[in-house]
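# Structural characterization, general
Below, each chain spelled out in residue letters.
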Amino acid sequence: MKIEQKLKELGFDVDEPGAPAAGNYVGAVQVGNLLFVSGHGPHSGGQIAVRGRVGADLTLEQGYDAARLVAVACLRSVKRAIGDLDKVKRVVKVLGMVMCVEGFTDTPKVINGFSDLLVELYGENGRHARSAVGMQQLPNTIPVEVEMILEVEA
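Below: a short report on this structure. In this text the structure is predicted, and so the values were computed from the model without any measurement.

## Side note on helix 2 (residues 60-82)
For helix 2, built from 23 residues, the straight-helix expectation of 33 Å at 1.5 Å per residue is met to within 8% by its first-to-last C-alpha distance of 33 Å. Just past helix 2, the residue Gly83 takes up positive phi, approximately 85 degrees.

In structure tokens form, the structure reads like this:
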């Protein structure tokens, strides 16, 4: 089954507008067969869909759901960069950042929202190396920001 079809069955639209750039950068850059995807937040419909600090404004579960939205936002940039999500051969590396309260130790559980969706879509090729860190602040009070590196068809 095509990746975009799987996303639609899960209720996500990869063709909706992406978030406006917040600086002088692009959503993804390809070098050889690697695609470097910029940090993305939980955007839907071209807007920030979730704001707040995990552990204060948001629960762990809400952070997990926000991380799933971030995965879809990243995949929108992937599609714009390479044209077809089925050209992704492997998810290589993920860096997940969670804006959370001091002492919050479940950042890996929040970023699992991102990772779990990639495994749902790509199976074993969606498994990746990963870092999941807590942050004092993220842009525009988004709770989760994630960047990733993909291996793609040349």
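## Considering the nonpolar core
Counting 39 residues, the largest nonpolar core has Leu7, Leu75, Val78, Phe114, Met148 and Leu150 as the members making the most contacts within it. Where this core is concerned, the elements lending two or more residues are helix 1 (3-9), strand 2 (34-40), helix 2, strand 5 (88-99), helix 3 (107-122) and strand 7 (144-152).

## Examining the environment of Ser77
Here Ser77 shows up in helix 2. Once the C-alpha coordinates of Ser77 and Leu121 are considered, the two residues, 44 residues apart in sequence, prove to be 16 Å apart. Other than its neighbours up to four places away in sequence, Ser77 contacts Gly27, Ala28 and His40.

## Re helix 3
Here helix 3 is 16 residues long and its end C-alpha atoms lie 23 Å apart, about the 22 Å a rise of 1.5 Å per residue gives. Of all the bends in helix 3, the greatest measures close to 35 degrees and is centred on Gly113. On the buried face of helix 3, the contacting elements are helix 1, helix 2, strand 5, strand 6 (129-135) and strand 7. Residue Gly123 follows helix 3 closely and has a positive phi angle near 65 degrees.

## Describing unusual backbone geometry
Of note in the backbone geometry, Asn140 takes a positive phi value of approximately 55 degrees without being a glycine. Secondary-structure assignment places Asn140 in the loop between strand 6 and strand 7.

## A short note on the environment of Phe104
By the element assignment, Phe104 lies in the loop between strand 5 and helix 3. For the pair Phe104 and Ser44, spaced 60 residues apart in sequence, the C-alpha separation works out to 26 Å. Apart from residues lying up to four places away in sequence, Phe104 is in contact with Val54, Gly55, Leu60 and Val110.

## Brief notes about the packing of helix 2 against helix 3
The contact between helix 2 and helix 3 brings their axes to 7 Å, and the two run at 45 degrees. The angle between helix 2 and helix 3 places the two elements in the oblique class. The way helix 2 lies across helix 3 gives a crossing that is right-handed. Contact residues: Leu60, Gly63, Tyr64, Ala67, Arg68, Val70, Ala71, Val72, Cys74 and Leu75 in helix 2; Lys109, Val110, Ile111, Asn112, Gly113, Phe114, Asp116, Leu117, Leu118, Glu120, Leu121 and Tyr122 in helix 3.

## A closer look at the pattern of salt bridges
Side-chain pairing between opposite charges can occur once the charged atoms of the two side chains come close. Overall, the coordinates contain eight salt bridges when judged by the stated rule. Asp86 serves as the salt-bridge partner of Lys2, at 2.9 Å between the closest nitrogen and oxygen. Taken together, the residues Lys2 in the segment before helix 1 and Asp86 in the loop between helix 2 and strand 5 connect sequence positions 84 residues apart. A single salt-bridge network, built from bridges that share partners, covers Lys2, Asp84 and Asp86.

## Looking at a nonpolar patch on the surface
On the surface, Val26, Val29, Val31 and Phe36 cluster together into a nonpolar patch covering about 340 Å² of accessible area. As for its placement among the helices and strands, Val31 is situated in strand 1 (residues 28-31).

Parameters at a glance
- The residue count restarts for each chain, going from 1 along the sequence in the order it is written.
- Restriction of local features to residues with pLDDT of at least 70 applies here, the model being predicted, together with a cutoff of 80 or more for giving and counting side-chain atom pairs; totals for whole chains, interfaces and linings are based on all residues.
- With hydrogens and water excluded, all non-hydrogen atoms of the structure serve as input to the side-chain values.
- To qualify as a helix, a DSSP run of H or I must reach at least 4 residues; to qualify as a strand, a run of E must reach at least 2; elements of each kind are numbered from the N terminus.
- Multiplying 1.5 Å by the residue count of a helix minus one yields the expected span of that helix.
- Take the buried residues of types Ala, Val, Leu, Ile, Met, Phe, Trp, Tyr and Cys, join any two whose side-chain atoms come within 4.5 Å, and each joined set is a nonpolar core.
- The rule is simple: take the accessible area with a 1.4 Å probe, protein chains only, and divide by the maximum for that residue type; under 20% is buried, over 50% is exposed, in between is partly exposed.
- Residues are treated as being in contact if the distance between any of their heavy atoms lies within 4.5 Å.
- To get the bend at any residue, fit one axis to the seven residues that end at it and another to the seven that begin at it, then take the angle between the two axes.
- Throughout, an axis means a line fitted to C-alpha atoms (over the contacting stretch in the case of helices), and angles, computed between N-to-C directions, take values from 0 to 180 degrees.
- Convention used here: angles under 35 degrees read as roughly parallel, angles over 145 as roughly antiparallel, angles from 65 to 115 as roughly perpendicular, and any remaining angle as oblique.
- Rotating anticlockwise by less than a right angle from the far helix to the near helix defines a left-handed crossing, while the corresponding clockwise rotation defines a right-handed one.
- The salt bridge definition used is simple: a Lys or Arg side-chain nitrogen within 4 Å of an Asp or Glu carboxyl oxygen.
- Exposure above 30% relative accessible area and no salt bridge define the residues that can form patches, which grow by joining like charges within 9 Å and nonpolar side chains of Val, Leu, Ile, Met, Phe, Trp and Tyr within 5 Å.
- Only the protein chains shown count as cover for residues, and the accessible areas themselves come from Shrake-Rupley with a 1.4 Å probe.

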